[in-house]
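Structural overview
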Amino acid sequence: MTKPAPRKVDMEKLVSLCRRRGFIFPSSEIYGGLSSCWDYGPLGVELKKNIKQAWWKTIVQERDDMVGLDASILMHPQTWEASGHLEGFKDPLVECKSCHLRWRIDDIKGNKCPSCGGELTEPHLFNLMFKTFIGPIEEEASVVYLRPETAQGMFVNFENVVNSTRKRLPFGIAQIGKAFRNEVTTGNFIFRCREFEQMEIEFFVRPETAKQWFDYWVEERLGWYVKLGIKRENLRLHQHTKEELAHYARECYDIDYLYPMGWAELEGIANRGDFDLVQHAKFSGKSLVYYDEETKEHIVPYIIEPSAGVDRTALALLCDAYDEDIADGEKRVLLRLHTDLAPIKVAVLPLSRRENLVSLAKEVYADLRRHFMTQYDDAQSIGRRYRRQDEIGTPFCVTIDFQSLEDKQVTIRERDTLNQIRLPIAELKNTLQAKLAGEELFVLPPGGSIWKEGENG
Ligand code: GAP
């Protein structure tokens, strides 16, 4: 593996950029925030939507062995008995007898409170699932849980999907949705939240092919992050030891990312064997056996589960995209985000606020926004507007100048290369579309010219 490049970003810089530019805010901030809960602002919501769209396109739209699902967050409470979450989804905690702070055993060294040095209680187990009630009476019979993973919705719908789609093995169910964990260890921005989003696949296979599919999905998922622009040297695979394996897993690899605080899990890929279908069959009394019409066999499929987090992916992408360089003799901060992920694809910038220029710029803006997330900005110097767009990762700026009024041509300025291309307005939409799709324009459109920012056009 290549040595990771020195990082230009630390968590403090990133949190500050995210807040200042409207990517991510602390939840309910006017009340002092809520620990480990975050709100995605105007740019964050676009980034998150683009991540989910990229995942769905690769996993569901472009495959014929996958179908989607959107199961409800609240599930029958027996689900969590069958899955082992009621019994096993617990962290051992100790409490400080003086300041009453609670600590995960793994997070403390020695037997004193890390905060005040006070004496600690004996460890007790703490379930990470959030409990709530269904119906108006708070009685034990109506307790339900906020799901701590989306996975169970897919296991309990296995039969529904087989019967309604007639999918044959091997096939998968994919789902994106919220999950909730009453995490004890908090901090590190959106890396560990109490409310977060998962993008999970449950891939059902014949048991004898499980190892082969497991290896396939590890490579496939690693490749997805690289395709989205994360540097390969900032990703690594970590195989779980026997002690690290979850109760349901036979084999598991984490895809780790080198976050500013060090290597940590971005996605887990597990071979869950037949654990889930056997457990849900046992607790529901329904047979979840698959009948293979070709071989006339009854099989309990094995499940390969690639389980990714939207928030951790957003954090990894932001860290990886962050860069500082020099443009036009000035330091600039930029996010080198993949064009599919950039919250704003195009910015329209009139060189001045002169009326005839603004009216042409607004015409161009009105046309482009029908096709791409587009921003209009006419405040301050053109250099400052470029910097503002660089900092939020906008791949293309379109500048309208006085000559545009005469020749009906505009300039596209590229975030990464600083190249500027002048071309007719009539060619603008198609050119941007091609560039956003990653096509290099070897042939300029008729009447076009090319130069670099800071050089004369
Ligand atoms: N169904 C398997 C499962 O949920 P997991 O390793 O506990 O496995 C899968 O979670 C992914 O969900 C993680 O790799 C991570 O990306 C994300 N995730 C888990 N807990 C999280 C948290 N508290 N905050 C943000 N993301 C989290």
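One can find the structure itself at the top, above this paragraph.
This text gives an overview of the structure that appears in the document. In this numbering scheme, every chain counts its residues from 1 along its sequence in written order. Only residues with pLDDT of at least 70 are given local features in this predicted model, and only at 80 or more are side-chain atom pairs given and counted; all residues enter the totals for whole chains, interfaces and linings. To obtain the side-chain values, all non-hydrogen atoms of the structure were used and water was disregarded.

Focus on helix α9 (residues 310-321)
Side chains three or four residues apart in an α-helix point the same way, a direct result of the helix having 3.6 residues per turn. Relative to the 16 Å expected for twelve residues at 1.5 Å per residue, α9 spans 16 Å between its end C-alpha atoms, a close match to the ideal helical length. Relative accessibility thresholds used throughout: buried, under 20% of the residue-type maximum; exposed, over 50%; partly exposed, between the two (1.4 Å probe, protein chains only). Elements are defined by DSSP. Helices are runs of H or I of four residues or more, strands are runs of E of two residues or more, and each kind is numbered from the N terminus. Residues of α9 that are buried: V310, D311, R312, T313, A314, L315, A316, L317, L318, C319, D320 and A321. An expected span of 1.5 Å times one less than the residue number is assigned to each helix.

Here we look at the layout of surface pockets
Taken as a whole, the largest pocket holds about 1400 Å³ of empty space. The rule is simple: put a 1 Å grid over the protein atoms alone, call a set of points where a 1.4 Å probe fits but cannot get out a cavity, call an open set with protein on both sides within 12 Å along at least five of seven lines a pocket, and count a residue as lining if it has an atom within 4 Å of a point. Lining the largest pocket are 49 residues; nearest its centre among them are F89, R181, H240, Y248 and E265. Mapped by element, the contributors of at least two residues to the lining of the largest pocket are α4 (85-88), β4 (90-95), β10 (195-205), β11 (235-239), β12 (251-259), β13 (262-273), β16 (302-309) and α9. Sorting elements by how many residues they give to the lining of the largest pocket places β13 first, with eight residues. Polarity classes work like this: nonpolar for Ala, Val, Leu, Ile, Met, Phe, Trp, Tyr, Cys and Pro, charged for Asp, Glu, Lys and Arg, and polar for all others, with Gly in that last group. Among the residues forming the lining of the largest pocket, the class breakdown is 19 nonpolar, ten polar and 20 charged. Grid points are joined across faces, edges and corners, and a volume is the space filled by probe spheres set on the points.

A short note on the packing of aromatic side chains
Any two rings among Phe, Tyr and Trp, with Trp reduced to its six-membered ring, count as a pair given centres within 6.5 Å; such a pair is stacked if its planes are under 30 degrees apart, edge-to-face if over 60, and tilted if neither. On inspection of all chains with the given rule, the structure shows 14 aromatic pairs. With centroids separated by 5.8 Å and ring planes inclined at 25 degrees, the aromatic side chains of F214 and Y253 adopt a geometry described as stacked. Here F214 is found in helix α7 (residues 210-227), whereas its partner Y253 is found in strand β12, with 39 residues between them in sequence. When the ring of Y216 is compared with that of W217, the centres are 5.2 Å apart and the planes differ by 80 degrees; the resulting orientation is edge-to-face. On the basis of relative accessible area, Y216 is assigned to the partly exposed category, the value being 29%. W217 gets classed as buried once you look at its relative accessible area, which sits at 0%. Among the aromatic residues, ring-to-ring pairing joins F203, W213, Y216 and W217 into one connected group. We count a charge as sitting over a ring when the NZ of a lysine or the CZ of an arginine lies within 6 Å of the ring centre and within 35 degrees of the ring normal. Stacked on the ring of Y40, the Lys or Arg K48 has its end atom at 4.1 Å from the ring centre. Across the ring face of Y248, the terminal group of R272 is positioned such that the distance to the ring centre comes to 3.6 Å.

Thoughts on helix α1 (residues 11-20)
Turning to α1, its buried residues number three or more, namely M11, L14, L17 and C18. The buried side chains of α1 occupy one side of the element, clustering within an arc of 130 degrees when seen end-on. Relative to its buried face, α1 has exposed residues pointing more than 90 degrees away, namely E12 and R20. In this structure, the buried side of α1 is in contact with β1 (24-26), α9, β17 (322-327), β18 (330-335) and α11 (382-391). Where α1 ends, the next residue or the one after it, G22, has phi of about 85 degrees, a positive value. For this quantity, the arc is that covered by the directions from the helix axis to the C-beta atoms. Contact definition: two residues touch when any of their heavy atoms are within 4.5 Å.

What to know about the site of the ligand
In the vicinity of the ligand lie 21 residues, with E149, R181, E183, E200 and E265 positioned nearest. Polar contacts here mean pairs of N or O atoms no more than 3.5 Å apart (in protein, one a potential hydrogen donor and the other a potential acceptor; neighbouring residues in sequence count only if both atoms are side-chain atoms). E149 places a side-chain nitrogen or oxygen 2.6 Å from a nitrogen atom of the ligand. Here an oxygen atom of the ligand sits 3.0 Å away from a polar atom, N or O, in the side chain of Q198. One can see that the ligand is located within the largest pocket. Contributions of two or more residues to the shell around the ligand are made by β10, β13 and β16. Top element by residues in the shell around the ligand is β13. It accounts for five residues. Its residues assigned to classes, the shell around the ligand comprises seven nonpolar, four polar and ten charged. Being near a molecule or strand, for a residue, means having at least one of its heavy atoms within 4 Å of it. To be counted as sitting in a cavity or pocket, a molecule needs more than half of its atoms within 2 Å of that site's grid points.

Considering unusual backbone geometry
Excluding glycine, residues mostly have negative phi values, and the peptide bonds linking residues are mostly trans. Going from L169 to P170, the amide bond is cis rather than trans, its omega being -5 degrees. By secondary structure assignment, the location of P170 is in the loop between α6 (158-165) and β9 (171-180). One non-glycine residue, K408, lies in positive phi territory at about 55 degrees. Judged by relative accessible area, which is 46%, K408 ranks as partly exposed.

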